[in-house]
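Okay, here's what each chain looks like letter by letter:
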Amino acid sequence: MPSPTVTRGSRRWPQLLAALLCAAAIGTVTAAPGSTCTQALLEELGWRFVDAPVATPVIHGGPVCTRATLPQAQQAGDLRVQVPQAWTATQRAALMTGLFDDPATLCAYTFKLGQATRRATTQLQDNPGYRFSALQLGWIGFGARGAQAQGWQRFRSFGRGYQPAGANSAALQHFYDGRVRSECGVGRQVAQLATQRELYGDAAFDTEFSPGELSIGTFLTLHDTDSILLGRHAGAFLADGKAVKTAQLGRQAFVGAPGFIEHVFDKTYLDDINNQAENFVVVDVSDAAAEALRAHGGFAHYDTINRQIWALAQRMPGPGPRRFERLLIERDPVWRKGLPPEQKPLLAELDALLDDPFYQGFVIYVHPRGIRPVRYHIARLLDRNPRTPFAFELGLHNLHTTLYRRWIDARLRQCDSPSAAPLQHHY
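This is a predicted model, so every value here is computed, not measured.

Trainee: Could you give me a rundown of the environment of glycine 178, with the residues and numbers involved?
Mentor: Counting through the fold element by element, glycine 178 comes out in the loop between helix H6 (168–177) and strand S9 (180–182). In this structure the C-alpha to C-alpha distance between glycine 178 and glycine 129, which are 49 residues apart in sequence, comes to 5.8 Å. Leave out the neighbours within four places in its chain, and glycine 178 touches Asn127, Gly129, Tyr130, Gln150 and Gln173.

Laid out in structure tokens, this is it:
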């Protein structure tokens, strides 16, 4: 049957997430009498359906991606569909299925993705046993207990590749409460996989993904695996390194996405090789930060600002291993008062640049630094690698493509076959 003709209200492309952490209430998709699994899942995502005396459906997705929360979107009138009263069940089913390709549905999904990202990164941040050490043996270190005792099995030497040895959820749990060491690239991978665990719930996470799909290790290693992040099962990627497209989509289009802060000059200008880059997952983006990114067309503008910040810092020599962190982030009054008089105007310029909404409201998770705004990282890198400026980059990701569709398909299977592993959702 041909796709139904629809009349659409104003609509913008999706955002990634924006809800604050909520108290978790666990449940599964259940179709109400007279409803379908497809409609039940769409309603869980926020769509509201009303039978109306119209000849063709009227779909108003709305600018969901600009909203802070799903309730805010619904209160503004987003995610509404008027369904023709005379339509048959077959016509209604075709309409419902087509809505999974609507940008507003992806936006609504990203509210759940955002909650999952925050739950995952908060637990990783709060584990004092998950560390980063230049002295560790291999890319990933599982300590005296070894990998097998913490739910992982090695498939590459020197700690360059591991996959779950038993239950997927148990393997990820050891990064929440075990004793593990890795550099920040693996930290980013773990945060991405832990987000999927939080999104699916343990039972479904254990059955929906194979061990190979949850491989961790060097980025080059992942390309030769079934990894859902960068390997054979990753599917279609979004490539938007300088966030030109993402900035136009809105604040939620960033959240959950991987990226990195990388040195601009070559490696001969690095003083601390262990801080040559900081791999991150975006945790939250304020409305003001998103508007600043949209107005400036993405990261390139802020790469220029980073260069200005670095040039000002070059004119402020002084002792102290955490000098700029104390001056610019902690704003330590003793350190600021003790600056030479000629440096105080430079400090005022630095303060003004770092007070930009982007630096304050673009919040990322970096192992082992935790969840912090990007201003912290730029100031810290002035201390760690003072001879080079740094730049922002989004990594390849499939959050809006392959991983979105896999989650949708898993939810529909669970509804159609209640004996399948239940997927949890959190309100």
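Back to the text.
Trainee: Explain the environment of leucine 339 to me, and be specific about the residues and the numbers.
Mentor: One can find leucine 339 in the loop between helix H14 (333–337) and helix H15 (344–354). Considering only alpha carbons, one finds leucine 339 and glycine 318, 21 residues apart in sequence, at a separation of 8.7 Å. Excluding residues that lie within four positions of it along the chain, leucine 339 makes contacts with Met316, Arg323, Leu327, Lys344 and Leu347.

Trainee: Before we move on, could you go through the state of the cysteines and cite the residues and values that matter?
Mentor: Scanning the model with the defined rule gives 2 disulfides in all. Bridging cysteine 37 to cysteine 415, the disulfide has an S-S length of 2.1 Å. Measuring the twist about the S-S bond at about -80 degrees, one finds the cysteine 37-cysteine 415 disulfide to be left-handed. Taken as a pair, cysteine 37 in helix H1 (residues 37–45) and cysteine 415 in helix H18 (residues 402–416) lie far apart in primary sequence, 378 residues in all. One disulfide bridge connects cysteine 65 with cysteine 107, the sulfur atoms lying 1.7 Å from each other. With the S-S dihedral at roughly -55 degrees, the linkage between cysteine 65 and cysteine 107 falls on the left-handed side. Highlighted residues: cysteine 65 in the loop between strand S3 (58–60) and helix H2 (70–75) and cysteine 107 in helix H4 (residues 103–125), separated in sequence by 42 residues. Classification of cysteine 65 by relative accessible area gives buried; the value is 1%.

Trainee: Tell me about the sheet that holds strand S10 (residues 216–217), residues and numbers included.
Mentor: Spatially, S7-S8-S10 is the arrangement adopted by the 3 strands of the open sheet, whose pairing is antiparallel. A strand with exactly one partner marks an edge of an open sheet, and here the two such strands are strand S7 (152–156) and S10. In terms of strand pairing, S7 meets strand S8 (residues 161–164) through 4 bridges, oriented antiparallel. Within S8, the residue paired with arginine 156 across the bridge is glycine 161. Against the sheet, H6 contacts S7, S8 and S10, and its axis sits at roughly 90 degrees relative to S7.

Reading the values: the criteria
- Residues numbered from 1 in each chain as written.
- Predicted model: local features only at pLDDT ≥ 70, side-chain atom pairs only at ≥ 80, totals over all residues.
- Heavy atoms only, no water.
- Helix = DSSP H or I, 4+ residues; strand = E, 2+ residues; numbered from the N terminus.
- Contact = heavy atoms within 4.5 Å.
- Disulfide = S-S within 2.5 Å.
- Buried < 20%, exposed > 50% of the residue type's maximum accessible area, 1.4 Å probe, protein only.
- Pairing = 2+ DSSP bridges.
- Axes fitted to C-alpha atoms, helices over the stretch in contact; angles between N-to-C directions.

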